[in-house]
Amino acid sequence: MSKVKVGLVQMSCTADKAANLQKAMDKVREAASKGAQIVCLQELFTSLYFCDVEDYDNFRLAEAIPGASTDALGKLAGELGVVVIASLFEKRAQGIYHNTTAVLDADGSYLGKYRKMHIPDDPSYYEKFYFTPGDLGYKVFKTRFATIGILICWDQWYPEAARITALMGAEILFYPTAIGWATSQDEATNTEQYDAWQTIQRSHAVANGVHVVSVNRVGLEQGGAMKFWGGSFVANPFGTLLYKASHDVEETTVVEIDTQATDRYRTHWPFMRDRRIDSYQPITKRYIDEE
């Protein structure tokens, strides 16, 4: 089917994991009631964004995937007949943890998972302390309603990740995200950071001729030191915004997109046709030094 209704759940979180999961499930139900067929939840939605500190106790938040959360979400997906994209903290084995997104199909079945490939390490985003880089490669998932690609937050800044996922047949790129502003920053810096974040993702839509759906958390965390900036959005294959959420409040929104638009945009602006794949070998180098 070419026309697909996607639901974006932009919400705030607390320290209560069970309450966050229930809230997210209620939001999925709300999105389904508005006609959503694929619902994307934000990054690590079952907890506060815990990577602001390096604390071994936070590893207790992790869980098996598939596991209890995917079981609950799969049951809900099957009941509602919707696809659910769920970003979770995965405990793979003792001492091995991943930032992982699971996909539950509209019949409730577990389709698989994508493990975040690019792991940041910045002030208030100490993810390398917690997460092993993904080793499943880039993935697409053939759901009931569309073939979708999942990338996670820091992956957003890498055109290579978007390109490879699109080349694998993704009709829509989804980005569950947790990114915010330090409340000590000035407004000009805030605006510049958000614009860069949105622009890079819209460029992935243009370069690959696909819709991009980015879902971010919202609200104050870290004792008020971090304001997660929301701003979730949907961009069409030419980067036009079909929807943009606020920076301040929770929103559960459904946007209809037409995956057949990809053919039209790729035909009239044939970036995919004109790719010089014979010339791209240097991209695999860390840096191209002069010899």
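In what follows, the structure referred to is the one given above.
Residues numbered from 1 in each chain as written. Predicted model: local features only at pLDDT ≥ 70, side-chain atom pairs only at ≥ 80, totals over all residues. Heavy atoms only, no water.

A. View of the side chain of His-211. Relative to the elements of secondary structure, His-211 occurs in strand E10 (residues 211-216). Residues in contact with His-211, not counting those within four places in the same chain, are Glu-171, Ile-172, Leu-173, Ala-235, Asn-236, Pro-237, Leu-242, Ile-257, Asp-258 and Ala-261. (Helix = DSSP H or I, 4+ residues; strand = E, 2+ residues; numbered from the N terminus. Contact = heavy atoms within 4.5 Å.)

B. Focus on the sheet that holds E10. Read across the sheet, six strands follow the order E6-E7-E8-E10-E13-E14 without closing on themselves; strand pairing throughout is mixed. The open sheet has two edge strands with one neighbour each: strand E6 (140-142) and strand E14 (241-244). This sheet shows a mean twist of 20° between the axes of neighbouring strands, independent of strand direction. Where E10 and strand E13 (residues 233-235) come together, three bridges link them in antiparallel fashion. Note that in E13 the partner of Val-213 across the bridge is Val-234. Against the sheet, helix H4 (residues 187-208) contacts strand E8 (172-177), E10, E13 and E14, and its axis sits at roughly 35° relative to E13. (Pairing = 2+ DSSP bridges. Axes fitted to C-alpha atoms, helices over the stretch in contact; angles between N-to-C directions.)

C. Expanded view of the packing of helix H1 (residues 17-33) against helix H2 (residues 68-80). Packing of H1 against H2 brings their axes to within 11 Å, and their N-to-C directions diverge by 15°. Between H1 and H2, the angle is such that the two are roughly parallel. The two elements H1 and H2 meet at a crossing, and its hand is right-handed. Where H1 abuts H2, its residues Leu-21, Met-25, Val-28, Arg-29 and Ala-32 lie against Ser-69, Ala-72, Leu-73, Leu-76, Glu-79 and Leu-80. Residue composition of the contact of H1 with H2, grouped by class: eight nonpolar, one polar and two charged. (Parallel < 35°, antiparallel > 145°, perpendicular 65-115°, else oblique. Left-handed = near helix turned anticlockwise from the far one by under 90°. Nonpolar A, V, L, I, M, F, W, Y, C, P; charged D, E, K, R; others polar.)

D. View of helix H3 (residues 159-167). Every buried residue belonging to H3 is among Ala-161, Ala-162, Thr-165 and Ala-166, and all of these are buried. Angular distribution of buried residues about the axis of H3 spans 125°; they occupy a single face of the element. Structurally, H3 contributes buried residues whose contacts are with E6, strand E7 (147-150), E8, H4 and helix H5 (261-268). Two residues or fewer after H3 comes Gly-169, characterised by a positive phi angle close to 105°. (Buried < 20%, exposed > 50% of the residue type's maximum accessible area, 1.4 Å probe, protein only. Arc of directions from axis to C-beta.)

E. Fine view of the pairing of strand E12 (residues 226-229). With three bridges connecting them, strand E9 (residues 180-182) and E12 associate as antiparallel partners. By the bridge assignment for E12, Ala-182 is matched with Met-226. Bridging between strand E11 (residues 218-221) and E12 involves four bridges; their strand directions are antiparallel. Residue Gly-219 lies in a different strand from E12, and its bridge partner there is Phe-228. Joining the antiparallel neighbours E11 and E12 is a turn of four residues, in which Gln-222 adopts a positive phi near 55°.

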